[in-house]
Each structure stands twice: as structure tokens, then as C-alpha cells.
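Survey of secondary and tertiary structure
Chain residues, written in single-letter form:
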Amino acid sequence: MYIDFHTHIDFYKDEELPLVYDDINKNNIKVISCAMDEKSYKKNLEFAKVCDNIIPTFGIHPWKITEVVNNLDTYDDYIKNSKIIGEVGLDFHWVEDKSTFKPQVGIFKHFVKKAKAYDKFLNIHTKGAEELVYDILDKENMLEKSIIHWYSGDFYTLRKFIDANCYFTLSVDINSSLKSQEIATMIPINRILAETDGPTALEWINGVYGMPREIINVYKGISHFKNISMDELKYHTTEGYKNIILK
Ligand SMILES: [Zn+2]
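Residues numbered from 1 in each chain as written. Predicted model: local features only at pLDDT ≥ 70, side-chain atom pairs only at ≥ 80, totals over all residues. Heavy atoms only, no water.

Looking at the nonpolar core
Formed by 79 residues in total, the largest nonpolar core has its most connected members in Leu 122, Leu 137 and Phe 161. Ranked by residue count, the leading element in this core is helix 4 (residues 101–117), at six residues. In this structure, Leu 137 is in contact with Phe 108, Val 112, Leu 122, Ile 124, Met 142, Leu 143, Ser 146 and Phe 161, ignoring residues within four places of it in sequence. (Core = buried A, V, L, I, M, F, W, Y, C linked by side-chain atoms within 4.5 Å. Buried < 20%, exposed > 50% of the residue type's maximum accessible area, 1.4 Å probe, protein only. Helix = DSSP H or I, 4+ residues; strand = E, 2+ residues; numbered from the N terminus. Contact = heavy atoms within 4.5 Å.)

Here it is as C-alpha cells:
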């Protein structure tokens with residue numbers, strides 16, 4: 001079994017969905033499909049009714065905070081029903097409108113507190129705000145309940161996340177990015193997970209529109225650069241799946 005710990009099935013076009021489900025089932029992939037916002041979560045819930053290898057999770061992406069309701073407690077039922085929380089986090093790199101930074105922090109803190117209250121893991125975007133994400137999680141004692149998604153910050157903060165026992169997803173640039181390959185060598189084997197981040201992430205890297213089976217190439221890359229067998233890697237990601245999703 002392959003596990004894609006961070007993707008966005010709602011990024012596919014409607015007419016592609018039958019092919020996507022088929023690809024997921026044929027290749028025996030468990031798919032954690034992260035919401036960007038409420039609308040995206042509802043779509044993912046529908047996908048999961050058709051394809052039970054899809055696990056929909058609720059979160060508000062830092063790019064989508066303008067769509068957030070005033071009373072964040074409105075989201076409580078979604079959070080309770082979601083196996084883990086995501087995608088959530090901070091983005092001070094791609095988001096150009098600095099006026100969103102403060103509300104981003106407020107919303108992220110809310111989700112971290114809820115994850116703590118309901119004992120759930122978080123699937124976290126850290127772009128350009130790695131140190132602040134660390135501090136917020138540390139303050140709530142939630143570092144051990146964190147999946148750091150596609151880390152690309154500095155090695156100093158990476159070391160802190162590693163020492164705090166976080167999980168990490170490695171992504172579709174593992175076969176081309178020297179930095180991601182170096183990160184793979186640093187993360188302990190029992191904290192490495194794999195992801196594709198939806199069809200458009202691979203397209204962003206090398207122009208190829210990614211189907212769910214792209215997760216197999218990510219596994220191959222991790223296995224190669226971590227110098228472990230595919231079976232060993234699958235064993236550890238399955239243990240992670242049990243610990244994070246099935247607990
Ligand atoms: Zn994502």
C-alpha cells in the first residue's frame with residue numbers, strides 16, 4: 001500500500017475524476033485529500049463516498065483566509081469529523097498581501113488549539129514562516145502531532161522540527177531537488193511520509209500533470225536517496241498511517 005499524505009483531489013477537473021479513482025484503486029493508494037476551505041472540504045467528502053481510499057480532511061489554507069467566517073467555532077463539527085486537520089499553516093512567501101499575515105496567524109493558532117482539544121494531527125504549510133510555525137506549535141505542545149508538509153525552509157529550523165519528533169512529507173521534487181534530497185537524508189526513517197500535493201505540483205516542477213500514481217515515483221525517490229528498500233519504506237509509512245489516521 002502507498003500512502004499519499006498530502007494531496008488535493010478537488011484540483012482535478014470533474015471529468016477526470018473517474019480516471020483518478022481508478023488510478024487510486026488500481027495502484028492501492030490511500031489518499032489524504034486536504035481541504036483548502038469549506039467548499040473544497042465538501043467536495044472531498046463527496047469524493048470519499050465514491051472512492052473509499054480517499055480520506056477527506058478539513059482545514060483552511062493560508063491562501064484562503066479571506067473566505068473564512070467570522071466565528072471560527074462554526075467549523076467545529078468539520079474538525080470533529082475529520083481524521084486529521086489540514087491543510088492549515090502560514091505562508092509569508094507566496095502570499096504578497098502582508099495585511100493577511102496577522103489573520104493567518106490567528107486562524108492557524110485556532111486550528112492548533114482545536115487539534116489539541118480533539119487530539120488530532122495537523123497537516124501544515126510552513127512557507128516562509130517556518131520559525132513562527134515552530135513557535136506556535138511548541139507553545140501548544142503540538143510539535144509531536146504535526147506533519148510538516150514539503151519543507152523548504154532553512155536547515156537550522158528543520159533541525160528543530162526533527163528534534164521535536166515531527167513527521168515530514170517529501171514531495172514530487174524528490175527526484176530533482178538537491179535540497180529535498182538532503183532533507184530526506186536528515187529526517188529519521190520513522191518520520192518520513194510521502195505526498196504529491198495534487199496534480200499541479202508536479203506540473204509546477206517539470207510540466208507534467210500528476211496523476212495519483214505519481215506517489216510511486218516519490219516512494220522510489222525516497223527509497224533511493226534514503227538508501228532503504230521500498231518494503232522498508234512502506235513499512236514505516238504504514239506505521240505512520242496507523243499512528244496518525246487509524247489511532
Ligand atoms: Zn497542499
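What to know about the pairing of strand 1 (residues 2–7)
With respect to burial, strand 1 is a largely interior element, six of its six residues being buried. Summarising the sheet, strand 1 and strand 2 (residues 29–34) pair through four bridges and their orientation is parallel. Note on strand 2: the bridge partner recorded for Tyr 2 is Ile 29. (Pairing = 2+ DSSP bridges.)

Section: the coordination of the zinc ion
The coordination sphere of the zinc ion contains the protein donors His 6 (NE2), His 8 (NE2), Glu 87 (OE) and Asp 197 (OD), at a distance range of 2.2 to 2.3 Å. The sequence pattern describing where the donors of the zinc ion fall on their chain is H-x1-H-x78-E-x109-D. On the criterion of sequence distance, the pair formed by His 6 in strand 1 and Glu 87 in strand 4 (residues 85–89) is long-range, its members being 81 residues apart. The buried category is assigned to His 6, whose relative accessible area is 0%. (Donors = N, O, S within 2.8 Å, 3.2 Å for Na, K, Ca; no water.)

Focus: the side chain of His 149
Within the secondary structure, His 149 is located in strand 6 (residues 146–149). For His 149, a relative accessible area of 5% gives the class buried. Among the polar contacts made by the side chain of His 149, one reaches the side chain of Glu 87 at a distance of 3.5 Å. (Polar contact = N/O pair within 3.5 Å; in protein donor to acceptor, adjacent residues only side chain to side chain.)

Description of the environment of Ile 205
Within the secondary structure, Ile 205 is located in helix 8 (residues 199–206). Of the residues examined, Ile 205 reaches a relative accessible area of 30% and is grouped as partly exposed. For the pair Ile 205 and Thr 157, spaced 48 residues apart in sequence, the C-alpha separation works out to 24 Å. Once residues lying within four places of it in the same chain are set aside, the contact partners of Ile 205 are Trp 150, Val 172, Asp 173 and Ser 176.

Considerations on the packing of helix 5 (residues 130–139) against helix 6 (residues 155–163)
Where helix 5 meets helix 6, the axes come as close as 10 Å, and the angle between the chain directions of the two elements is 25 degrees. Taken together, the axis directions place helix 5 and helix 6 in an arrangement best described as roughly parallel. Crossing of helix 5 against helix 6: the hand is left-handed. Residue-level contacts link Glu 130, Glu 131, Val 133, Tyr 134 and Leu 137 of helix 5 to Tyr 156, Thr 157, Lys 160 and Phe 161 of helix 6. Classifying every residue of the contact of helix 5 with helix 6 by side-chain character gives five nonpolar, one polar and three charged. (Axes fitted to C-alpha atoms, helices over the stretch in contact; angles between N-to-C directions. Parallel < 35°, antiparallel > 145°, perpendicular 65-115°, else oblique. Left-handed = near helix turned anticlockwise from the far one by under 90°. Nonpolar A, V, L, I, M, F, W, Y, C, P; charged D, E, K, R; others polar.)

What about the pairing of strand 3 (residues 54–57)?
With burial as the criterion, each face of strand 3 is covered, one bearing Ile 54 and Pro 56 and the other bearing Ile 55 and Thr 57. With four bridges connecting them, strand 2 and strand 3 associate as parallel partners. Within the sheet, the bridge partner assigned to Ser 33 lies in strand 3 and is Pro 56. In terms of handedness, the path from strand 2 via helix 2 (residues 38–50) over to strand 3 forms a crossover that is right-handed. (Right-handed = clockwise from strand over helix to strand, strands pointing away.)

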